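Listed below, chain by chain, are the residues.
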Amino acid sequence: MSKGEDTRRMIIGRAAPIFNKKGIAATAMSDIMEATGLSKGSLYVHFENKEVLAEAVVDHNMELLWGRTQAAISRYSNPKDKLFAFLDLYKNSLIPPVEGGCPMLNFGMEADDQFEVVREKVADMVNQSQQLIVDIIVQGIREGVFKADWNYREFAAMMFAMIEGGVMISKTTGKWDKSAIINRNLKKMIEAQMA
């Protein structure tokens, strides 16, 4: 890897939690200069503007989240345990899997009307996450773990929405009790679908 590529990765890595916490609009290049120790000119050598850096940071945060999700569920072979591991990744929203909170929620809300490229990246991750839930349930139905008549696509959409809603409520109130309630009730719903 070249020195330039190393520097680019360092910038993205140090900028990622800043953008995830402050948002794209509120993050200034001076924030990135401070975090990296680089001059504005050096930053612009690697990223032509803040928007290009923001897109790279969104990709980085999404990859981190996906990697941590995969790591959590890959510890288990049983589909029920995989779903529980997915849920537990978000059980305490005040200790998020990615520094600064859930990047899908953070960037999704901001990008909704302002950053179409970022909105599309978030939409892709939302769809990928829901598909992961679907795939786990389908595996469970095939293995006889879950009931064959489970409306798993509807459940996957609801599970994902409830998790993200719990994250939003927890971040807003500074309390994780609502995420714990969501976690507990989703687990009961999953257990009700055991074959």
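Everything that follows concerns the structure shown earlier in this document.
Below is a short write-up of the structure.

On a plain count of helices and strands, the chain comes out with 9 helices and 0 strands. The secondary structure elements of the chain, listed N-terminal to C-terminal, are α-α-α-α-α-α-α-α-α. For the chain, the C-alpha atoms occupy an extent of roughly 60 × 40 × 30 Å along the three principal directions. Here the chain holds 195 residues, and the buried ones make up 44% of them. For the chain, restricting intrachain contacts to residue pairs at least 6 apart in sequence, the fraction spanning at least 24 positions comes to 70%. Both charge centroids of the chain, one from 24 positive and one from 25 negative side chains, sit 7 Å from each other.

Throughout the structure, instances matching the rule amount to 8 salt bridges. Across the pair Arg9 and Glu5 runs a salt bridge whose closest N-O atoms are separated by 3.4 Å. Residue Arg9 and its partner Glu5 are located together in helix 1 (residues 3-22), separated by 4 residues, close to a single helical turn. As a salt-bridge pair, Asp31 and Lys22 come within 2.8 Å of each other at their nearest N and O atoms. Relative accessible area serves as the criterion here: at 43%, Lys22 is assigned to the partly exposed category.

Contact geometry of helix 1 with helix 2 (residues 29-36) gives a least axis separation of 9 Å together with a crossing angle of 130 degrees. Here helix 1 is positioned oblique relative to helix 2, judged by the angle of their axes. For the element pair helix 1 and helix 2, the recorded crossing hand is right-handed. Along its contact with helix 1, which presents Met10, Ile11, Arg14, Ala15, Ile18, Phe19 and Lys22, the element helix 2 presents Asp31, Ile32, Ala35 and Thr36. Among the residues making up the contact of helix 1 with helix 2, the classes are represented as 7 nonpolar, 1 polar and 3 charged.

Take the nonpolar core next. Among the nonpolar cores identified, the biggest contains 56 residues, and Phe19, Leu53, Leu83, Tyr90, Met104 and Met159 are the most heavily contacted of them. In terms of residues, this core owes the most to one element, helix 7 (residues 116-142), which gives 10 residues. When residues no more than four places from it in sequence are discounted, the contact partners of Leu53 are Ile11, Ile12, Ala15, Phe19, Met29, Ile32 and Phe47.

Quick look at helix 9 (residues 177-191) now. With 15 residues, helix 9 should reach 21 Å at 1.5 Å per residue; the first-to-last C-alpha distance of 21 Å fits that figure. Residues of helix 9 that are buried: Ser179, Ala180, Ile182, Asn183, Leu186, Lys187 and Ile190. Along the long axis of helix 9, the arc covered by the buried residues comes to 160 degrees, so they all point the same way. Buried-residue contacts for helix 9 involve helix 5 (79-89) and helix 8 (152-173).

The next subject is the layout of surface pockets. Each pocket or cavity is described by its volume, and for the largest pocket that value is around 200 Å³. Lining the largest pocket are 11 residues, and of these Met104, Gly108, Met109, Val122 and Val126 sit closest to its centre. Where the lining of the largest pocket is concerned, the elements lending two or more residues are helix 6 (103-114), helix 7 and helix 8. With 5 residues, helix 6 is the largest single contributor of residues to the lining of the largest pocket. Looking at the lining of the largest pocket residue by residue, the classes come out as 7 nonpolar, 1 polar and 3 charged.

A few words on helix 2. In an α-helix, one turn spans 3.6 residues, which is why side chains three or four residues apart end up on the same side. Regarding helix 2, the residues found buried are Met29, Asp31, Ile32 and Thr36. All buried residues of helix 2 project into a common sector of 150 degrees when viewed along the axis, lining one side. Check the buried side of helix 2 and you find it contacts helix 1, helix 3 (40-46) and helix 4 (50-73). Count one or two residues on from helix 2 and you reach Gly37, which has phi positive near 75 degrees.

Cut-offs used in this document
- Residues numbered from 1 in each chain as written.
- Predicted model: local features only at pLDDT ≥ 70, side-chain atom pairs only at ≥ 80, totals over all residues.
- Heavy atoms only, no water.
- Helix = DSSP H or I, 4+ residues; strand = E, 2+ residues; numbered from the N terminus.
- Buried < 20%, exposed > 50% of the residue type's maximum accessible area, 1.4 Å probe, protein only.
- Contact = heavy atoms within 4.5 Å.
- Lys, Arg positive; Asp, Glu negative; His and termini not counted.
- Charge placed at Lys NZ, Arg CZ, Asp CG, Glu CD.
- Salt bridge = Lys/Arg side-chain N within 4 Å of Asp/Glu carboxyl O.
- Axes fitted to C-alpha atoms, helices over the stretch in contact; angles between N-to-C directions.
- Parallel < 35°, antiparallel > 145°, perpendicular 65-115°, else oblique.
- Left-handed = near helix turned anticlockwise from the far one by under 90°.
- Nonpolar A, V, L, I, M, F, W, Y, C, P; charged D, E, K, R; others polar.
- Core = buried A, V, L, I, M, F, W, Y, C linked by side-chain atoms within 4.5 Å.
- Expected span 1.5 Å × (residues − 1).
- Arc of directions from axis to C-beta.
- 1 Å grid on protein atoms, 1.4 Å probe; cavity = no way out; pocket = protein on both sides within 12 Å on 5 of 7 lines; lining within 4 Å.
- Points joined across faces, edges and corners; volume = space filled by probe spheres on them.

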